[in-house]
Amino acid sequence: GEPVQLGVPVYVAPIHGSRVERVEMIVDGELHARLTTLPEAWSWDSRSVGDGWHTVTFRAIDYFGKVSAVSMEIEVRNNQPGAPDVRIESPARNETLSGLVKVRTRTGDNDSVQRMMFYVDGQYVGADGTAPFEWTWITTAMSDGPHTIWIKAIDANEVSSVIFTSVVVENE
């Protein structure tokens, strides 16, 4: 995959019917996060490790103490000069949504953002190459409950930054 930088969006949700008590994020053998409320989205500050390759392991522990784990190698590049400054204007964090929703962003005055790519729960759902960068989300196509919107801003030099917000879909 692509190198990560600064606030890395992480989304953890148990498989339907599983009895996960907590999920731990371990980087190079060191515990970085412990989640006990699932599903959950948070931003891992990759500045807690140096630039370079790292092993990231997610361990799910159920109520009986059984452990399942998955590991991956990621490359951290925190020192990307001039990464786009982008913010989500709407929806607000933890806002309850229904129907058609405009996802709106704002960039810094000096950023040369060329396009924004939009994701919901890690799945690519659209892009916009014209400011103001926005995307219309048809929430009725999603299940009710918590979801995470990720937005990747890419500038003219292919330098990118990623932001996210958690929302709740409630159509019924």
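Model, not experiment: these values are computed from the prediction. (Residues numbered from 1 in each chain as written. Predicted model: local features only at pLDDT ≥ 70, side-chain atom pairs only at ≥ 80, totals over all residues. Heavy atoms only, no water.)

1. Section: the sheet that holds strand S2 (residues 20-27)
And step 1. Spatial strand order, S3-S2-S5-S6: 4 strands in an open sheet with antiparallel pairing. Among the strands making up the open sheet, the edge pair consists of strand S3 (30-35) and strand S6 (67-76). The mean inter-strand angle of the sheet, taken between neighbouring strand axes irrespective of direction, is 20°.
And step 2. With 10 bridges connecting them, strand S5 (residues 52-62) and S6 associate as antiparallel partners. The residue bridging Ala60 from the neighbouring strand is Ser68, located in S6. (Pairing = 2+ DSSP bridges. Helix = DSSP H or I, 4+ residues; strand = E, 2+ residues; numbered from the N terminus. Axes fitted to C-alpha atoms, helices over the stretch in contact; angles between N-to-C directions.)

2. Describing the nonpolar core
And step 1. Among the nonpolar cores identified, the biggest contains 17 residues, and Val103, Met116, Phe118, Trp135, Trp137, Ile149 and Ile151 are the most heavily contacted of them.
And step 2. Residue assignment for this core shows that the elements contributing at least two residues are strand S9 (100-107), strand S10 (113-120), strand S12 (134-138), strand S13 (145-155) and strand S14 (160-169).
And step 3. With 4 residues, the single largest contributor to this core is S10.
And step 4. If we ignore the near neighbours within four places in the chain, the residues touching Met116 are Val86, Thr105, Thr107, Gly126, Ala127, Asp128, Phe133, Ile151, Lys152 and Ala153.
And step 5. Core analysis: the next-biggest nonpolar cluster, separate from the first, contains 12 residues, Val23, Trp44, Val49 and Val76 among them. (Core = buried A, V, L, I, M, F, W, Y, C linked by side-chain atoms within 4.5 Å. Buried < 20%, exposed > 50% of the residue type's maximum accessible area, 1.4 Å probe, protein only. Contact = heavy atoms within 4.5 Å.)

3. Digging into unusual backbone geometry
As a rule of thumb, non-glycine residues mostly have phi less than zero, and peptide bonds are mostly trans rather than cis.
And step 1. Note that the residue after Ser90, namely Pro91, is joined by a cis bond; omega there is 5°.
And step 2. Checked against the element boundaries, Pro91 lands in the loop between strand S7 (86-90) and strand S8 (96-97).
And step 3. A cis amide bond, omega -5°, links Ala131 with the succeeding residue Pro132.
And step 4. Looking at the element boundaries, Pro132 is found in the loop between strand S11 (123-128) and S12.
And step 5. At Asp28, a residue that is not glycine, the phi angle is positive and equals roughly 50°.
And step 6. Residue position: Asp28 is located in the loop between S2 and S3.
And step 7. Phi at Asn94 takes a positive value of approximately 65°, unusual for a residue other than glycine.

4. Quick look at the packing of aromatic side chains
For any two aromatic rings, the description comes down to two numbers: the centre-to-centre distance and the angle of the planes.
And step 1. For the structure shown, the criterion picks out 3 aromatic pairs.
And step 2. Pairing Phe118 with Trp135 gives two aromatic rings, centres 5.8 Å apart and planes at 25°, and the pair type is stacked. In this pair, Phe118 is assigned in strand S10 and Trp135 in strand S12, connecting sequence segments 17 residues apart. Across this residue pair, the class does not change: Phe118 and Trp135 are buried. (Phe/Tyr/Trp six-rings, centres within 6.5 Å; stacked < 30°, edge-to-face > 60°.)

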